[in-house]
Amino acid sequence: MLLDPHTPIDLPADSWDATNAFGVRLREGSFETDFHAHSHAQLMFLERGDASCQSEDGLWVTPLTTAVWIPPAVNHKLKIRAPLDGYALLVDPEAAQFLPPRCGAIAMTPLLRELMVRAAELPADAPRSGMAGRLYGLMLDEIATARLDEHPLPIPRDPRLCRMFDALVKNPADDATLAEWARRLGLGERTLQRLLIA
């Protein structure tokens, strides 16, 4: 199933009780959610594009070789920019209890990638007694054994650094020097250094 983030997900009612994979495509513009949580866990990876996931623990940016893992009931927000092509996996809460309990980045193995691509081609209500069940079972095994990097980009608490953080998240290519950042924030360069080290 292929989704545009601007379009609500329309699944058969009983398929929300199961693990499902989706293709995600955004051709223009951007999309940002407010903080929210799901009863399902999520795994999101991109083949092309720019996305970030922020939880209370920090910020993960999704390079093309990793996926972001979000356990059930974790408050988070997503930000994506076009052009974007990727995949998302929703894992039912019962299956997710055997998977990592914290947010993090998971290295995408070639097998996990191909399983997600194939599963996204299946109808959301595909019976779990056949091939779909075997695909999803193997995907969950791959996630359970994957290396999870639980070290996000920390989110600063100081309001001045929050302004710098927000600006860099919006424009990661900003190559301003420390002196330029200090000027933008109305601080002395040494004060900014101390705040960054603290």
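For the structure, see preceding data.
Residues numbered from 1 in each chain as written. Predicted model: local features only at pLDDT ≥ 70, side-chain atom pairs only at ≥ 80, totals over all residues. Heavy atoms only, no water.

Chemist: Which residues make up the overall build of the chain, and what values do they have?
Modeler: In terms of regular secondary structure, the chain is built from 6 helices and 9 strands. Projected onto the principal axes, the alpha-carbon positions of the chain cover approximately 65 × 35 × 30 Å. Residues classed as buried in the chain amount to 44% of the 198 residues present. Taking as baseline every contact in the chain between residues at least 6 positions apart, the subset at least 24 positions apart corresponds to 72%. Seen as two clouds, the 20 positive and the 27 negative side-chain charges of the chain have centres 8 Å apart. (Helix = DSSP H or I, 4+ residues; strand = E, 2+ residues; numbered from the N terminus. Buried < 20%, exposed > 50% of the residue type's maximum accessible area, 1.4 Å probe, protein only. Contact = heavy atoms within 4.5 Å. Lys, Arg positive; Asp, Glu negative; His and termini not counted. Charge placed at Lys NZ, Arg CZ, Asp CG, Glu CD.)

Chemist: Can you break down the side chain of histidine 76 residue by residue, with the values?
Modeler: On the secondary structure map, histidine 76 appears in strand S7 (residues 76-91). Residues contacting histidine 76, with those up to four places away along its chain left out, are Asp34, Phe35, His36, Ala37, His38, Gln42, Cys53, Gln54, Ser55 and Ile70.

Chemist: Mind laying out the pattern of salt bridges, listing which residues take part and the relevant values?
Modeler: Evaluated as defined, the whole model comprises 10 salt bridges. Among the salt bridges present, the one from aspartate 85 reaches arginine 48, with a minimum N-O distance of 3.1 Å. Residue aspartate 85 is found in strand S7, and its partner arginine 48 is found in strand S4 (residues 41-55); the two are separated by 37 residues along the sequence. Look at arginine 48 and you get partly exposed, because its relative accessible area is 37%. Between arginine 113 and glutamate 114 there is a salt bridge; the shortest N-O distance is 2.5 Å. Overall, arginine 113 belongs to the partly exposed group, its relative accessible area being 27%. Overlapping salt bridges, with partners in common, bring together Arg25, Arg27, Arg48 and Asp85 in one network. (Salt bridge = Lys/Arg side-chain N within 4 Å of Asp/Glu carboxyl O.)

Chemist: Which residues make up the side chain of threonine 33, and what values do they have?
Modeler: Turning to its location among the elements, threonine 33 is positioned in the loop between strand S3 (30-32) and S4. At 3.5 Å, the side chain of threonine 33 forms a polar contact with the side chain of histidine 36. Within the structure, the side chain of threonine 33 is placed 2.9 Å from the backbone nitrogen of leucine 78, a separation counted as a polar contact. Ignoring anything within four residues of it in the chain, the contact list for threonine 33 reads Lys77 and Leu78. (Polar contact = N/O pair within 3.5 Å; in protein donor to acceptor, adjacent residues only side chain to side chain.)

Chemist: Go over the nonpolar core with me, naming the residues and quoting the values.
Modeler: Ranked by size, the top nonpolar core spans 29 residues in total, and within it Leu43, Trp69, Leu89, Val91, Met116, Met139 and Ile143 carry the most contacts. Setting aside residues up to four positions removed in sequence, isoleucine 143 forms contacts with Leu43, Trp69, Leu89, Leu99, Pro100, Ile106 and Leu112. (Core = buried A, V, L, I, M, F, W, Y, C linked by side-chain atoms within 4.5 Å.)

Chemist: An account of helix H2 (residues 110-120) is needed here, citing residue identities and associated values.
Modeler: Residue pairs three or four apart in sequence face the same way in an α-helix, which turns once every 3.6 residues. Of all the residues in H2, the buried ones are Leu112, Leu115, Met116, Val117, Ala119 and Ala120. Close packing links the buried residues of H2 with strand S2 (20-26), S4, S7 and helix H3 (131-145).

Chemist: Give a detailed account of the packing of aromatic side chains, specifying residues and quantitative values.
Modeler: In this description, a pair of aromatic rings is defined by centroid distance and the angle of the planes. Scanning all chains against the criterion turns up 1 aromatic pair. Ring plane angle 25° and centroid distance 5.6 Å describe the contact between phenylalanine 45 and tyrosine 87, whose orientation is recorded as stacked. Of the two residues, phenylalanine 45 is situated in strand S4 and tyrosine 87 in strand S7; the sequence distance between them amounts to 42 residues. The pair phenylalanine 45 / tyrosine 87 is uniform in exposure class, with both members buried. Of note, arginine 184 hangs over the ring of tryptophan 181, and the distance from its end group to the ring centre comes to 4.4 Å. (Phe/Tyr/Trp six-rings, centres within 6.5 Å; stacked < 30°, edge-to-face > 60°. Lys NZ or Arg CZ within 6 Å of the ring centre and 35° of its normal.)

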